[in-house]
Amino acid sequence: MVLAGGGHSHALLLRRWIMRPRSRPQRCLIVLVNRHSTSLYSGMVPGLVAGRYSLAECRIDLRDLCRRAGVTFVQAEIVGLDLLGGALHLKDRPALRFDRLSLDVGCQTRGPAPSGGTLPHVRGEAAGAVPGLAAAAPCRDRAHPRWWGRGG
Ligand SMILES: Cc1cc2nc3c(=O)[nH]c(=O)nc-3n(C[C@H](O)[C@H](O)[C@H](O)COP(=O)(O)OP(=O)(O)OC[C@H]3O[C@@H](n4cnc5c(N)ncnc54)[C@H](O)[C@@H]3O)c2cc1C
């Protein structure tokens, strides 16, 4: 079984398997693939920005969760999916074959078009903030220093 993506849903699933090992599918090799070995817990991000939590406190350690849940962790970028052939294609690695697949790669907000934004009512600076937190970089002077870390 392949768990594609280490999003919140898969992290909660791993936690459930740790707490109730019998609920984990038995006699089955389970592999979780994610591009990073940690994932940021979004519910704590406002507290991170406000300086209440450190970055380390907001991280979900997927590698450790997998180890404790009896799941193999693979750090890789997913680049394709062959549903009929039962294979998940990874960047610079052999494809992973699966009998069962669970997708949890999150979602991505479409960024604004260069000429004015995909959301008609969101314009200017606000539109620039839509694609993600990285877009907030120009505002770093006004942000809490712990958000950007030492040295900017
Ligand atoms: C600042 C902020 C605060 C939020 N606060 C809350 C809240 O308080 N309560 C709430 O219910 N929701 C909140 N949300 C929404 C919540 O974070 C999302 O609904 C949730 O994260 C979606 O979870 P997910 O499991 O779909 O995937 P995600 O948590 O988005 O995770 C997807 C994972 O897949 C990985 N991935 C994606 N593509 C690939 C690829 N090609 N190859 C390998 N890995 C890949 C990513 O690296 C990521 O680790 C918040 C969101 C933000 C941005």
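Report on the accompanying structure. (Residues numbered from 1 in each chain as written. Predicted model: local features only at pLDDT ≥ 70, side-chain atom pairs only at ≥ 80, totals over all residues.)

1. Describing the sheet that holds strand β1 (residues 2-4)
(1) Moving on: An order of β5-β2-β1-β9 is seen for the 4 strands of this open sheet, with the pairing classed as parallel. The open sheet terminates on both sides in strands that have one partner only, identified here as β5 (72-75) and β9 (101-103). Geometrically, the sheet is characterised by an average inter-axis angle of 20° between neighbouring strands, direction not taken into account.
(2) Moving on: Note that β1 and β9 share 3 bridges and pair parallel. In the strand pairing of β9, Ala4 is matched with Leu103. (Pairing = 2+ DSSP bridges. Helix = DSSP H or I, 4+ residues; strand = E, 2+ residues; numbered from the N terminus. Axes fitted to C-alpha atoms, helices over the stretch in contact; angles between N-to-C directions.)

2. Quick look at helix α1 (residues 8-19)
(1) Moving on: Here α1 is 12 residues long and its end C-alpha atoms lie 16 Å apart, about the 16 Å a rise of 1.5 Å per residue gives.
(2) Moving on: Among the residues of α1, those classed as buried are His10, Ala11, Leu13, Leu14 and Trp17. Down the axis of α1, the buried set is contained in an arc of 160°. They therefore lie on one face. (Expected span 1.5 Å × (residues − 1). Buried ≥ 20, exposed ≤ 12 C-beta atoms within 10 Å, placed from the backbone. Arc of directions from axis to C-beta.)

3. Observations regarding the nonpolar core
(1) Moving on: The biggest cluster of nonpolar side chains holds 18 residues, and the ones touching the most others in it are Val2, Leu14, Leu32, Leu62, Leu65, Cys66 and Val71.
(2) Moving on: Put simply, the parts of the chain that give this core at least two residues each are β1, α1, β2 (31-34) and α4 (62-69).
(3) Moving on: For this core, the leading source of residues is α1, giving 4 residues.
(4) Moving on: In contact with Leu14, other than residues within four places in its own chain, are Leu65, Cys66, Ala69 and Val71. (Core = buried A, V, L, I, M, F, W, Y, C linked by C-beta atoms within 7 Å. Contact = placed C-beta atoms within 7 Å.)

4. A few points about unusual backbone geometry
(1) Moving on: In the Ramachandran plot, Arg27 falls in the positive-phi region, its phi being about 45° despite a non-glycine side chain.
(2) Moving on: Along the chain, the position of Arg27 falls in the loop between α1 and β2.
(3) Moving on: Assessed through the 4 C-beta atoms surrounding it within 10 Å, Arg27 is described here as exposed.
(4) Moving on: Despite not being glycine, Asp92 has its phi angle at roughly 55°, a positive value.
(5) Moving on: Its place among the elements puts Asp92 in the loop between β7 (87-90) and β8 (93-97).

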